[in-house]
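Remarks on the overall topology
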Amino acid sequence: MKNITILGATGSIGDSTLSVVALHADKFSVFALSANTNWQKMQTLCEKFQPKIVVMSDQATAQQLSKVIDKNIQVLHGSEALNTIAAHDDTDFVMAAIVGAAGMASSLSAAKAGKRLMLANKESLVLAGDLMMQAVRDNGAELIPVDSEHSAIFQCLQSGKSGLNKIQLTASGGPFLHTPLNDLKSITPDEACAHPNWSMGRKISVDSATMMNKGLEVIEAHYLFNLPAENIDVIMHPQSIVHSSVYYNDGSTLSQLGNPDMRTVISYAMSYPDRVDSGVAALDLTQNSPLEFYPPDLEKFKCLQLAFDALKQGGNAMGTLNAANEIAVAHFLNNKIDFLEIPNIIEKTLNAIENISITSLESVIANDKLARKIALEAVQHYA
Ligand code: NAD
Ligand code: MG
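The name given to the protein chain in an unreviewed UniProt entry is 1-deoxy-D-xylulose 5-phosphate reductoisomerase, and the organism recorded there is endosymbiont of Bathymodiolus septemdierum str. Myojin knoll. The heading Sequence similarities (unreviewed entry) in the UniProt record of the protein chain holds the text "Belongs to the DXR family." The UniProt entry for the protein chain carries this comment under Function (unreviewed entry): "Catalyzes the NADPH-dependent rearrangement and reduction of 1-deoxy-D-xylulose-5-phosphate (DXP) to 2-C-methyl-D-erythritol 4-phosphate (MEP)."

Turning next to the pattern of salt bridges. For the coordinates displayed, the defined rule picks out 17 salt bridges. Of the charged contacts in the structure, one is a salt bridge between E377 and K373, with a shortest N-O distance of 3.6 Å. With E377 and K373 both in helix α15 (residues 361–382) and 4 residues apart, the pair spans about one turn of that helix. The network of salt bridges with common partners includes K122, D147, E149, K214 and E217.

With distances of 2.1 Å, the protein atoms coordinating the magnesium ion (ligand 2) are D147 (OD), E149 (OE) and E217 (OE). One chain supplies every donor for the magnesium ion (ligand 2), spaced along it as D-x1-E-x67-E. As far as burial versus exposure is concerned, D147 and E149 are alike and both buried.

Turning our attention to the layout of surface pockets. When its volume is computed, the second largest pocket comes out at roughly 220 Å³. Together, 14 residues line the second largest pocket, and T264, S267, R275, S278 and V280 are the ones closest to its centre. Considering every element that reaches the lining of the second largest pocket, the biggest residue donor is helix α11 (residues 262–271), with 4 residues. Here the residues of the lining of the second largest pocket are counted per class, giving 7 nonpolar, 6 polar and 1 charged.

The rules we used
Residues numbered from 1 in each chain as written. Chains lettered and ligands numbered in written order. Predicted model: local features only at pLDDT ≥ 70, side-chain atom pairs only at ≥ 80, totals over all residues. Heavy atoms only, no water. UniProt positions renumbered as here; feature names shortened; annotations may be inferred. Salt bridge = Lys/Arg side-chain N within 4 Å of Asp/Glu carboxyl O. Helix = DSSP H or I, 4+ residues; strand = E, 2+ residues; numbered from the N terminus. Donors = N, O, S within 2.8 Å, 3.2 Å for Na, K, Ca; no water. Buried < 20%, exposed > 50% of the residue type's maximum accessible area, 1.4 Å probe, protein only. 1 Å grid on protein atoms, 1.4 Å probe; cavity = no way out; pocket = protein on both sides within 12 Å on 5 of 7 lines; lining within 4 Å. Points joined across faces, edges and corners; volume = space filled by probe spheres on them. Nonpolar A, V, L, I, M, F, W, Y, C, P; charged D, E, K, R; others polar.

Written as structure tokens, this is what we have:
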């Protein structure tokens, strides 16, 4: 029996993880759950999964929750408590599924405690990739990607990296793959969040529409697979059936395919190196013909180019990119700025901050704070 902590249990990845847990009550048990402020949903999860500990972001929602759940469940709040459940002796696996930089510290705690870290929170690697990978190595943690592209590459690389030429991340292109650039100015948040293939939280949905999601994933892949930007490629594939590919020097290319459903990725992270039923239907290729592939349009999807540039710059540039993106996306979702201003705000922020190396968690946090401040100033300019 493996005990699991799910950070960000009330979100889209949280839902999918709990549905896999529910399929395999003989193999997995919920040790702890966390959520931001949705105590009503957490109440339902507590009734169904009976965790030992629950963490909410603030005291008020933690108190609300305590009043309505079983008294045996301990309710904590705040970011230190997230670190506690991520590193707790009684948990084996940690699903890191908080959205944004808010998930970084708890991902790092799980790595430092030598857990199996099932990493959905790609922002952790974008902000603090070197520190995360060091913590994984130093503490014997197992880092299993929970991102469809990275899980695909992880699966394709099971036979090793010998003769590896490049990895190729597939990108659906989101809802605007075929929308002309000029028509993107007046896009609403709901239009941006209407992803054709995947059902996800709103922040990553906007990231998919701008293709910043793919940019963050290029950086994520750089750290996970220890490859330079030159060996990481992106290709548009609107059907989201081929989840990614690895190319070898002998002319061989391996890809992983499946229906676009994160339960496949999550169940693999939970059962690796074995496989268990995920509840996802078998792929029927005849229902998905033809599979299409195109090169990405880096002028239309400027965010992807910005992410490649930040990776090549290195140091704090990737954290700056992430912070500015979080600020810009939040303001777009609140109808404060136009869709096409998102890359402009990120670019302005990157240009305003000196490129320095990142050597400690303190420097990650300081840079994140500075980048958010500058990005907010850029937002005021457009709002
Ligand atoms: P979501 O918005 O549906 O859920 C986010 C979760 O984090 C919720 O439980 C929420 O309560 C919690 N949360 C939000 N802000 C918080 C804060 N400040 N402090 C503590 N907790 C907070 O997001 P999601 O789609 O489940 O994505 C989660 C992560 O997984 C993201 O990093 C995303 O990039 C990554 N991811 C998601 C998918 C997907 O299919 N949804 C696929 C690949 C990777
Ligand atoms: Mg992905």
